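Working through the structure, step by step
Chain residues, written in single-letter form:
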Amino acid sequence: MTKLEKNDRLVRLSLLMIALSAISVLAIITVFIFEQGTPIMFRYGLKSFLLGQDWYPSEKSFGLLPMIVGSIMVTFGALIIGVPLGLASAIFLTEFSHRRLTRILKPIIELLAGIPSVVYGFIGLMFLVPFIRDKFGGPGLSVLAASVILGIMILPTIISIAIDSIRAVPDSYREGSIALGATRWQTVRMVILPAARSGIIAGIILGMGRAIGETMAVIMVAGNAADIPGSLLAPVRTLTSNIALEMAYASGEHREALFATGVILFVIIMILNTIANVTAARQRKK
Amino acid sequence: PSCRPGRRGHSLVVAGSTSIQPFADKWAEVFMEKRPGEIVDVQGGGSSAGIQAVGTGAAHIGMSSRELKDDEKELYQIEVAHDGLAIIVHPRNPLDNITIEQVKSIFLGEITTWESLNGQQKAITVVVREEGSGTRGAFQELVMGKSRITKKAIVQDSNGTVREIVSRDPNAIGFISLGLVNESVKALALNGVKPTEEAILKKEYRLVRPFLFLTKEVPTGLAKEFIDFVLSDEIQELILKEGLIPVRRVSRPEGSR
Amino acid sequence: MKQRGILVRDFSHYYGQTRSLNNINLDVYRNEILGIIGPAKSGKSTFLACLNRLNDLIPGSRVEGKILIDEQDIYGPEVDVVALRRKLGMVFATPVPLPLTIYENIVFGVRLLGNNNRKELDLIVQDSLEKAGLWGEVKDRLHTSALKLSGGQQQRLCIARVLALKPQYIMLDEPTSGLDPISTMKIEDSLRALKKDYTIILVTNNTKQAARVADRTAFFLMGELVEIDETPVVFTRPADKRTEAYLLGKFG
Amino acid sequence: MKQRGILVRDFSHYYGQTRSLNNINLDVYRNEILGIIGPAKSGKSTFLACLNRLNDLIPGSRVEGKILIDEQDIYGPEVDVVALRRKLGMVFATPVPLPLTIYENIVFGVRLLGNNNRKELDLIVQDSLEKAGLWGEVKDRLHTSALKLSGGQQQRLCIARVLALKPQYIMLDEPTSGLDPISTMKIEDSLRALKKDYTIILVTNNTKQAARVADRTAFFLMGELVEIDETPVVFTRPADKRTEAYLLGKFG
Amino acid sequence: MGPQLRLQPRTEQKVVQFLMYFMTSLAVLVLVFILVVILKNGLPQLSLEFLTRNPADMGREGGILSTIVATIFLTFIALLVATPLGVGTAIYLTEYTVESRITKVIRFGAECLAGIPSIIFGLFGFILFVNKLKFGWSILSGGLTLAFMVLPTIIRTSEEAIKAVPQAYRLVSFSLGSTRWQTVTRVVLPSAIPGIVTGVILSIGRSIGETAAVIFTAGSALRMPTSLFSSSRTMSVHFYILAKEGVSMPKAYGTAAVLVISILVINIATYYLMEKYIRRKS
Ligand SMILES: Nc1ncnc2c1ncn2[C@@H]1O[C@H](COP(=O)(O)OP(=O)(O)OP(=O)(O)O)[C@@H](O)[C@H]1O
Ligand SMILES: Nc1ncnc2c1ncn2[C@@H]1O[C@H](COP(=O)(O)OP(=O)(O)OP(=O)(O)O)[C@@H](O)[C@H]1O
Ligand SMILES: [Mg+2]
Ligand SMILES: [Mg+2]
């Protein structure tokens, strides 16, 4: 073996060490969150955490059900708003719009993905919340407000991933279909969307992850009542806001319970991530 | 910040109420800036823990945000500030006065509309602070007693945010530190008493709790220096700025929150 | 003289600034096989894409001059492009089955018209596959994925798919490149058989193939039509030096 | 008889499960041009990649049998792969200038050895470009980007870049596909001139090119070496039917 | 839709096209609206003074200098840590290994990391850096937490940039006798630099905009950071507090405008780089 080759081995080894950083960061995070969050769950019983409806930490009552339901509700709401808009935009930008228009619109959408979530929350607080309060009643801080803001926030994610997966469909499919006399829309509906399906689903799941994980914007517009919302206009608290809201003064078991909230959030996100990864991998295999 | 046993020697250990702790941290910081070499170590743990700590000598100064019970009264107590709570509503709300029982019913979720209070058939938006915060703790203690605040209440994590929300929602009611009340909201009179500094100092306004420093003996040395420092104009002014009510009158600066 | 199906007049094509076809003039007779030969990048595929307006899909694509198909100016304002593409079936160099079953690939174009009558579709499938010489090999697995067929079978599937549309013209772009000798032969046989019902344009990079199956042969070079004539003439007495050089393998 | 430079014995190559070369046996003589012809995907490029072990880069690539180059088993444990690759210069089908200047492209391989002596490098650049027949065309713009050269010039640049390494063997993979007649001729001329100093293996999809420049020609089909012989023999009296069919353009 | 109701394909195409056009416009308009509101209200607040003075009276007065400085410090630390790790990982994944269980695990780790909500990073940073390692609420804790957060972004963009380098370059380089490391440093990385820079710039944007992870690790003390261990308030956190507590709407809009403008500049720079180097190549 030459000296150069020996050096190459050394380089490979050091790079492997570095490459393990990503996975070790994940491992460290997992360990710390679980170490902090799980003991209390077992002390009080998993059931009382997951299914308890009363969140009164000062009275040792740690029911997370309202937050779990809240997270699910606003995420679902966000999808109802974000997915149709996002998919339509992605299809329009890839298959229908004039190239020049796409070249203007796509960067705008990508740029807006970078706007900090606090700004979205602020806009929600200033415009959406009063609008809902005046037009529909209630405090305005509500499931509806949170869903709309989250729906807008996940738009860029859904649009860019959907665009990528639609673009990844080989042009030959497009040509083949058009050459057989299909209209653009027929081609999209019958050939392109089915071929891009797993990628699009992966994008939606990632958008879902983003919605579930979003914190600051939600705190600002959701109202944060630790109660299962009875209507779209009622305030709601998500898992993330539960943590962010109470972390500052929490101590002792209260803090542990917040970490337990983190554990539940973490588990949900990991499940979603895995599903997204698997679906995306399926698309790549095709 | 967790509860460690008090260190002896040069450092002054101050422990107790988590409501006072964030303020005391600040005071200690300013103090240590002025007196390099001295160390003031502020710890939480709660009022009872603080009272106990002074009793056992684990802390030099205890902090309590409640009045002492009879069996605790042998300690020396120094009032360093008052924490008043204002019940606030939207400025356009016709209501001016409320009874403590009505407040309790509202925050219990028993009264849900303004009808019985000001005649409007609007649902009440109840706004509270988050679990664990001193303000909520005080409200719980002074108004709610053992009863739970309604789950339906909107929760915010700072007095500023509560005030902001009440100032925007004509149907909202909330509570904040008295020092933070400004023209954007209306502070209700409680049982006919307006929440003014005077009323508080005269003990007429009831939603108020003292911030107490406790010592076992007559304070001496570093403990005395620190207590005197907290009672100095400089810190009392700071206290005012931070939304508390000073025990010594100082001129109120413009635009304080 | 034979009837003319396609008339190309002073036709040029551009990709943005670069000209890919330069002032082409040629006719395609009905029921002939017109072979188009030429080295890589000489504009053969572009020419086919101009005939069924697939080049519409390419941004920056632009044409000059006229193409008349069955007396209709296909770049005219009133043209139904979708109908045009059905009339000119196209087979690509790399076989591209859509990610569907064999059956669904073939009826894809028929379904687009809203015809979902199972019996009719079955007939169309069998008929097209027979004409493309594939029926025997796949009749027992019509409902399996088309992607599992071998390369030669896929290409014949693509031909069958085009036949299902009942086009009048069939354009094939290097349909046998990369195929084995047997598949190549099968496809050449089909083409000869199809000639009586269709007009066929066959682009090929294998000059011998043109010699074998084309009635007339056109030679393209760098976007120009160098010459077009009866196949034997082009191969034995080419009018242009460049044609001769190409046929001798001097380049390409 | 001529000296043998490369001996290939019972050599097979696999991409994962699929066999791409099947039991190849052939010799390459010193200072000859060995032409390799065959249809697409017949394993020609794979064969070259096996000779300089570029196939090491492909995951799942696996070999059986032996290749001896200058009496060294190149798949033996002690082989210096980097040195091997310098010994067998390689020119690819599509010219790939690195995104550097003309000058830096040519000295790229020399610099890798740590030679940064400006004078020596200047000499190497001029010498290699002259041998590749490109010096006259680029000597005034050695420090401009190589990407701006025309296709034919880029390919000659790639040849010069290989010559700068002072290899003993030069392997070219379809070096003139897609080039115009003039460029093709220039490269064929260079090859004939280089023969006296180097051993050349020329893979080409243009059989006529093999006929023109190769001393001996090998015919690959589906991973097998069908036959190898003196070029005139292969072209006029092929031993195998398949060779004949291929040369006649029956497929490919 | 039954067969009777079926629209002509061309009509259907027209209808769908219009619908899509409408929905896209809606999406874009909403997003543009946000931008316009912030800029319209925020730009009038901007002045040299605003950028060069420290906040006073809880942010009611003065400018935002200390929050800008804190943001820069935090971002700098994050990138200092994340860039070598991220680029190294990307090089390993693309150049030094074949697809295997290890690469799958590493890639899975990176993907998962990318999906973890920032609040979880905040909790984690709080426990590890603030508490266990006793860095306290500080620039250092915040920076390290952000580093972990942007690591997957840098890995992914670098990987894509490296993959976008034509395979032919590698083949040529190897065939000219270079070792792997020589190929990486002389051919692959130079071609991939614009893409890698893109990832780094994107990470800057994310760091600047992050609130949840920062508030628990860097704290929210409103003062000029003096050392790595100072607790400091970044622009986003400052904006969050100003806006939510209604401290001062003009200052909130001003801060938001600075925030949004810096992120826009950063993203436009990224976009420009991508246009110029990556998309052009493919
Ligand atoms: N989508 C495109 N955009 C821009 N230029 C193109 C495009 N497609 C082809 N060209 C250019 O147009 C010219 C003609 O290409 P065309 O594909 O028609 O040649 P061809 O004869 O079919 O070649 P081949 O034998 O390689 O298929 C070439 O110079 C090519 O580079
Ligand atoms: N990287 C690869 N991975 C897997 N299979 C490959 C790879 N490269 C080539 N093959 C397969 O190996 C066989 C031989 O391919 P090779 O490229 O050597 O043929 P070729 O004769 O050079 O063809 P061409 O004329 O198209 O260049 C083909 O079946 C091909 O599909
Ligand atoms: Mg072509
Ligand atoms: Mg090849």
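Residues numbered from 1 in each chain as written. Chains lettered and ligands numbered in written order. Predicted model: local features only at pLDDT ≥ 70, side-chain atom pairs only at ≥ 80, totals over all residues. Heavy atoms only, no water.

All names here are of chain D. If you check the shell around ligand 2, you find Tyr15, Ser20, Pro39, Ala40, Lys41, Ser42, Gly43, Lys44, Ser45, Thr46, Ile58 and Glu174 and nothing else. Lys41 places a polar main-chain atom, nitrogen or oxygen, 2.7 Å from an oxygen atom of ligand 2. One of the backbone N or O atoms of Gly43 is found 3.0 Å from an oxygen atom in ligand 2. Examining the composition of the shell around ligand 2, we find that three residues originate from one element, helix α1 (residues 44–51), more than from any other. Here the shell around ligand 2 is built from residues that sort into four nonpolar, five polar and three charged. (Near = heavy atom within 4 Å. Polar contact = N/O pair within 3.5 Å; in protein donor to acceptor, adjacent residues only side chain to side chain. Helix = DSSP H or I, 4+ residues; strand = E, 2+ residues; numbered from the N terminus. Nonpolar A, V, L, I, M, F, W, Y, C, P; charged D, E, K, R; others polar.)

What follows covers the pattern of salt bridges. Counting across every chain of the model gives 71 salt bridges over all chains. One salt bridge connects Asp122(C) with Arg118(C), and the closest N-O pair in it is separated by 3.5 Å. In this pair, Asp122(C) and Arg118(C) are both assigned in helix α4 (residues 118–131), four residues apart and thus about one turn of the helix distant. Taking relative accessible area as the criterion, Arg118(C) reaches 47% and is therefore assigned partly exposed. Salt bridges sharing partners connect three or more residues here, namely Arg43(A), Lys60(A), Glu253(A) and Glu256(A). (Salt bridge = Lys/Arg side-chain N within 4 Å of Asp/Glu carboxyl O. Buried < 20%, exposed > 50% of the residue type's maximum accessible area, 1.4 Å probe, protein only.)

Within this structure, the stated rule accounts for five cavities of 30 Å³ or more. Its boundaries defined by the atoms lining it, the largest cavity holds a volume of some 80 Å³. Forming the walls of the largest cavity are Trp55(A), Tyr56(A), Ala226(A), Arg237(A), Val128(B), Glu131(B), Arg136(B), Ile149(B), Thr150(B), Lys151(B), Ala153(B) and Val155(B). In terms of residue class, the lining of the largest cavity is made up of seven nonpolar, one polar and four charged. (1 Å grid on protein atoms, 1.4 Å probe; cavity = no way out; pocket = protein on both sides within 12 Å on 5 of 7 lines; lining within 4 Å. Points joined across faces, edges and corners; volume = space filled by probe spheres on them.)

Now for the sheet that holds strand β9 (residues 216–221) of chain D. All names here are of chain D. Ordered by their spatial adjacency, six strands build an open sheet running β6-β7-β8-β3-β9-β10, and the pairing between neighbours is mixed. Strands at the two margins of the open sheet, each flanked by one partner only, are β6 (88–91) and β10 (224–230). Strand-to-strand twist across the sheet, computed as the mean angle between neighbouring axes with direction ignored, equals 15°. Alignment of strand β7 (residues 169–173) against strand β8 (residues 199–203), held across five bridges, turns out to be parallel. Within β8, the residue paired with Ile170 across the bridge is Ile200. Contacts from helix α7 (residues 181–194) reach β3 (33–37), β7 and β8 within the one sheet, and its direction differs from that of β8 by about 150°. (Pairing = 2+ DSSP bridges. Axes fitted to C-alpha atoms, helices over the stretch in contact; angles between N-to-C directions. Contact = heavy atoms within 4.5 Å.)

So, about the environment of Leu31(E). Relative to the helices and strands, Leu31(E) resides in helix α1 (residues 9–42). Excluding anything up to four places from it in sequence, Leu31(E) contacts Ile109(A), Leu112(A), Tyr120(A) and Ile152(A).

With that out of the way, let us pick up the sheet that holds strand β9 (residues 216–221) of chain C. Sheet strands pair by backbone hydrogen bonding; their relative direction is either parallel or antiparallel. Residue and element names in this part refer to chain C. Taken together, six strands build an open sheet; the order of strands is β6-β7-β8-β3-β9-β10 and the sheet is mixed. One side of each edge strand has no neighbouring strand; the edge strands of this open sheet are β6 (88–91) and β10 (224–230). Here the strands of the sheet are splayed against their neighbours by 15° on average, with no regard to which way each runs. The strands touched by helix α1 (residues 44–51) within the sheet are β3 (33–37), β6, β7 (169–173), β8 (199–203) and β9, with β7 carrying the most contacts at an inclination of about 155°.

A few words on the arrangement of the chains. There are eight pairs of chains in contact here; the most contacts are made by chains A and E. Across all C-alpha pairs, the smallest distance from chain B to chain C is 53 Å, and the two are not in contact.

This part is about the interface of chain A and chain E. The interface is formed by 76 residues belonging to chain A together with 78 residues belonging to chain E. For the pair chain A and chain E, the two sides together bury roughly 7,000 Å², of which 80% comes from carbon and sulfur. If you look at where chain A meets chain E, you find two salt bridges. Put simply, Lys132(E) and Glu35(A) hold a salt bridge, and the shortest N to O gap is 2.9 Å. Put simply, chain A and chain E have seven residue pairs in polar contact (both at pLDDT 80 or more) between them. Among the elements that line the side of chain A that touches chain E, the one with the most residues is helix α1 (residues 3–44) of chain A, at 20 residues. For the side of chain A that touches chain E, the residue count by class is 54 nonpolar, 13 polar and nine charged. (Buried area = accessible area lost by both parts, 1.4 Å probe.)

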